[in-house]
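Reading the structure
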Amino acid sequence: MTQRRTFLRKSAAALAGGVLFPALRLPGESAWLQTRPADHAPEEDFWNWIHQAFTVSPNIINLNNGGVSPQPKVVQEALEAYNRLSNEGPTYYMWRILDKGREPLREKLAEQAGVSPEEIAINRNASESLETLIFGLDLAPGDEVVVNRYDYPNMLNAWKQRALRDKIQLVYAETDLLDTDDARLAEAYISKFTRRTRVVHITHVINWNGQVLPVRRIADAARARGIRVLVDGAHAFAHLRHSLRELGCDYWGTSLHKWLCAPIGSGMMYIQKDRIPEVWPLLAPPEPRSGDIRKFEALGTRSFPIEQAIGHALNFHQIIGDERKERRLRFLKNYWVEKVKDLPGIRFYSPLDEKHSGAIATVGFEGVDAEKLDAFLMEKYKVHVVTIKYEAINGIRVTPHVYTRPADLDRLVTGLRDFAANRH
Ligand SMILES: Cc1ncc(COP(=O)(O)O)c(C=O)c1O
């Protein structure tokens, strides 16, 4: 109680002094957020403040944060301010002023990812990162690449294009979406390795259902055989606590507009330092074989405001903290799942254990077209989700984020109960 009173006094003082919500400053940058203990997931007062840091609609419950996430107000304001500044004199303010922020940003991103800044390139999304890697590797006809049919379509399309153009062979690891046995999941990849395997492509968190794959286990086996490891981290970064060193990969890419809540159209790529010379950039710099990671940033004119606002999203994320955020996201997933798991006819397409799932879960009802359920939730309850119909999946994917309130999930639960009872 005493702590709480002190906190309230401090918050009031901060508000009165106008320092809690100054322009371009994150509410969380004030001291009180940092003083909250990290070990109580359902501290609703803390999370209500996080909710208030966003500008999400009070009328629609957005539970498709897996597609793209909203930005907290502080990120939106930074983006707008940098954009206005750029328009005061684009070539001066963008190229001479804002661009000076790129190296400090690289350092911050590298620190978050647990690697060196000399291994991080900043770009526009996971597709750009991963396709740069896929098209940038020297591969000969007959070389084999191990992929999985549950990898993201953009990446599979890129590999298929290479197969058509360069006559490489794609070999498919066969995993089960509900499998929680790491040895078996890893073996699905390892059993496909041959003398001709050059690369294994691993999606850390599967987009269709949120399944977490044992990347390190597969990576260790691959690297012991001289096989390069490429990881799709689009759904893992800033969601599940890990460092890229721990993953044991050679190459990696992510979007920052998903779990980090950075501006839409921001991403990053990692290449282990000694592997940089072997990857060709997609957009040619003066020295394509150089070992300088910046050779991947010859992207032409792009939005420096977007790039620079990433730093504010990173601050916001770090103030919540990796551990507390991961715990909260899992808590939110479990919150709604627990309440509906025994409904008649309900079917989960996601593993739900702690090691193989985070915030994402995909659910449907036996014999029901998931699009019908999706439309029902929106029309009657104003709950927005996404239909996933892929391979054997016929469900809706539900993805809360840090701003999602249990009350929002209650609306989802009511909707699912109503649907189960009446099968509209
Ligand atoms: C696993 C995975 N990889 C890559 C991507 C591509 O992300 P982006 O469209 O931001 O490039 C996505 C997007 O949802 C994804 O889920």
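Residues numbered from 1 in each chain as written. Predicted model: local features only at pLDDT ≥ 70, side-chain atom pairs only at ≥ 80, totals over all residues. Heavy atoms only, no water.

**Concerning the overall build of the chain**
From N to C terminus, the chain includes 15 helices and 13 strands. When each of the 424 residues of the chain is scored for burial, the buried share is 56%. Restricting to contacts in the chain with at least 6 residues of sequence separation, those with at least 24 account for 70%. As displayed, the chain has an accessible area near 17,700 Å², and 52% of this comes from carbon and sulfur atoms. (Helix = DSSP H or I, 4+ residues; strand = E, 2+ residues; numbered from the N terminus. Buried < 20%, exposed > 50% of the residue type's maximum accessible area, 1.4 Å probe, protein only. Contact = heavy atoms within 4.5 Å. Areas by Shrake-Rupley, 256 points an atom, 1.4 Å probe, with all protein chains shown as cover.)

**Concerning the confidence of the model for the chain**
Mean pLDDT over the chain: 91, with 90% of residues reaching 70 or higher. Of the regions scoring below 50 in pLDDT, residues 1–38 engages in 54 contacts with residues more than four places distant in sequence or in other chains. (pLDDT = per-residue confidence, 0-100.)

**A few points about the site of the ligand**
Around the ligand lies a shell of 13 residues, among which Ser127, Asp232, Ser255, His257 and Lys258 are the nearest. The contact in question runs from a nitrogen atom of the ligand to an N or O atom on the side chain of aspartate 232, over 2.6 Å. In this structure, the ligand is accommodated by the second largest pocket. Each residue belonging to the shell around the ligand can be placed in one class, and the counts come to 4 nonpolar, 7 polar and 2 charged. (Near = heavy atom within 4 Å. Polar contact = N/O pair within 3.5 Å; in protein donor to acceptor, adjacent residues only side chain to side chain. 1 Å grid on protein atoms, 1.4 Å probe; cavity = no way out; pocket = protein on both sides within 12 Å on 5 of 7 lines; lining within 4 Å. Sits in = over half its atoms within 2 Å of the grid points. Nonpolar A, V, L, I, M, F, W, Y, C, P; charged D, E, K, R; others polar.)

**What to know about the packing of helix α13 (residues 322–340) against helix α15 (residues 406–422)**
Remark: α13 packs on α15, axes separated minimally by 9 Å, with the N-to-C direction vectors making an angle of 30°. Between α13 and α15, the angle falls in the class roughly parallel. Remark: the crossing between α13 and α15 carries right-handed chirality. Contacts between α13 and α15 involve Arg328, Leu332, Tyr335, Trp336, Lys339 and Val340 from the first element and Pro406, Leu409, Asp410, Leu412, Val413, Leu416 and Arg417 from the second. Of the residues belonging to the contact of α13 with α15, the class tally is 9 nonpolar, no polar and 4 charged. (Axes fitted to C-alpha atoms, helices over the stretch in contact; angles between N-to-C directions. Parallel < 35°, antiparallel > 145°, perpendicular 65-115°, else oblique. Left-handed = near helix turned anticlockwise from the far one by under 90°.)

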